[in-house]
Amino acid sequence: ASKKRGLSLEEKREQMLQIFYESQDFYLLKELEKMGPKKGVISQSVKDVVQSLVDDDLVLRDKIGTSVYFWSLPSCAGNQLRTTYNKLESDLSNSKKRYMELLEQRDDLKRGREDTDEREDALEELKAVELRHKKLKEELAAYADSDPSALEAMSMRSIIPHFTMGVGTWTSIIVLIHHSDHVSMQTSHFI
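Note that the structure is a prediction, hence the values are computed from the model and not measured.

Moving on, we get to the overall build of the protein chain. Looking only at helices and strands, the protein chain features six helices and three strands. Scanning the protein chain from its N terminus toward the C terminus, one meets helices and strands in the order α-β-α-α-β-β-α-α-α. Considering the protein chain as a whole, with its 191 residues, one finds that 12% of them fall into the buried category. A separation threshold of at least 6 residues defines the contact pool for the protein chain, and within that pool the share at least 24 residues apart is 47%.

Glancing now at the nonpolar core. Ranked by size, the top nonpolar core spans 15 residues in total, and within it Met-16, Leu-32, Val-50, Leu-53, Val-59 and Phe-70 carry the most contacts. When contributions to this core are tallied by element, the ones reaching two or more residues are helix H1 (9-23) and helix H3 (43-55). Among the elements that line this core, the one with the most residues is H3, at five residues. Every residue in contact with Leu-53, bar those within four places of it in the chain, is listed here: Arg-13, Met-16, Leu-17, Leu-58 and Val-59.

On to the pairing of strand E2 (residues 60-64). Across five bridges, the pairing between E2 and strand E3 (residues 67-71) is antiparallel. Of the residues in E3, the one forming a bridge with Lys-63 is Val-68. Between E2 and E3, which pair antiparallel one after the other, the connecting turn spans two residues, and Gly-65 there sits at a positive phi close to 65°.

All right, on to the sheet that holds strand E1 (residues 26-28) then. An order of E1-E3-E2 is seen for the three strands of this open sheet, with the pairing classed as antiparallel. The open sheet has two edge strands, E1 and E2, and neither has a second partner. Recorded for the sheet is a direction-independent mean angle of 35° between the axes of neighbouring strands. Here E1 pairs with E3 via three bridges, running antiparallel.

Bringing the packing of H1 against H3 into the picture now. For any two helices packed against each other, one specifies the crossing angle of their axes together with the interaxial distance. Their axes nearest at 10 Å, the elements H1 and H3 cross at an angle of 85°. Between H1 and H3, the angle is such that the two are roughly perpendicular. Contact with H1, carried on its side by Leu-9, Lys-12, Arg-13, Met-16 and Leu-17, involves Ser-45, Val-46, Val-49, Val-50, Ser-52 and Leu-53 of H3 and no other residues of that element.

Under the definition given, this model contains seven salt bridges. The partner of Lys-87 in a salt bridge is Asp-91, with the nearest N and O atoms 3.0 Å apart. Taken together, the residues span about one helical turn, with Lys-87 and Asp-91 both in helix H4 (residues 74-110) at a distance of four residues. Judged by its relative accessible area of 52%, Lys-87 is exposed. Its salt-bridge partner being Arg-98, residue Glu-101 comes within 3.6 Å of it at the nearest N-O pair. Placement of both Glu-101 and Arg-98 in helix H4 is noted, with a separation of three residues, approximately one turn of the helix. Taking the relative accessible area as the measure of exposure, Glu-101 reaches 40% and is therefore partly exposed. Judged by relative accessible area, which is 44%, Arg-98 ranks as partly exposed. If you follow the salt bridges from partner to partner, you end up with Glu-10, Arg-13 and Asp-56 in one network.

Moving on, we come to the packing of aromatic side chains. All chains considered together, the criterion is met by two aromatic pairs. For the ring pair Phe-26 and Tyr-69, a centre distance of 5.4 Å and an interplane angle of 80° mean the geometry is edge-to-face. Of this pair, Phe-26 sits in strand E1 while Tyr-69 sits in strand E3, placing them 43 residues apart in sequence. The partly exposed category is assigned to Phe-26, whose relative accessible area is 49%.

The phi angle at Gln-24 is positive, at roughly 50°, despite the residue not being glycine. Phi is positive for Asp-57, which is not a glycine, with a value near 60°. Of note, Asp-57 is situated in the loop between H3 and E2.

What counts and how
Residues numbered from 1 in each chain as written. Predicted model: local features only at pLDDT ≥ 70, side-chain atom pairs only at ≥ 80, totals over all residues. Heavy atoms only, no water. Helix = DSSP H or I, 4+ residues; strand = E, 2+ residues; numbered from the N terminus. Buried < 20%, exposed > 50% of the residue type's maximum accessible area, 1.4 Å probe, protein only. Contact = heavy atoms within 4.5 Å. Core = buried A, V, L, I, M, F, W, Y, C linked by side-chain atoms within 4.5 Å. Pairing = 2+ DSSP bridges. Axes fitted to C-alpha atoms, helices over the stretch in contact; angles between N-to-C directions. Parallel < 35°, antiparallel > 145°, perpendicular 65-115°, else oblique. Salt bridge = Lys/Arg side-chain N within 4 Å of Asp/Glu carboxyl O. Phe/Tyr/Trp six-rings, centres within 6.5 Å; stacked < 30°, edge-to-face > 60°.

Below, the structure written as structure tokens:
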């Protein structure tokens, strides 16, 4: 025996709406939970399905006293469609208005940038100046090796280790001389 496939959410929504449309009556949630299984909607999912219909304005809900009643008339769906249509019309109108503003802004930005001989000459001159600037930077980079301050910094970096080594050597020599003088003075007392 094959198992029967459960209804999709959309199918459950359609079945629950049919309950309202066929009777054109109002119901408590408990009553809907009893009626749902007759339409193929298990009672445990009726509450969520009805809430999704309320969220989409396809089913109306009102609290009267301590009870909450649900109802929907075929005209409710029409009203919801009209509301959606009006919102989309408004969005379209706003988008068209924004589009026109953007076209106007683009045209404003184009003003003064028309292709004239004067503008073309200015653009060519700008390109020539930029090219010359680039060449000069490259030339300057090539001469960086001959820059006196760069050469001085390089020579100082290479000379300093020699000085340091020389100072160390002279210090060692002085210590040895001092030490040898001290030793010879002590030995002269014994002679």
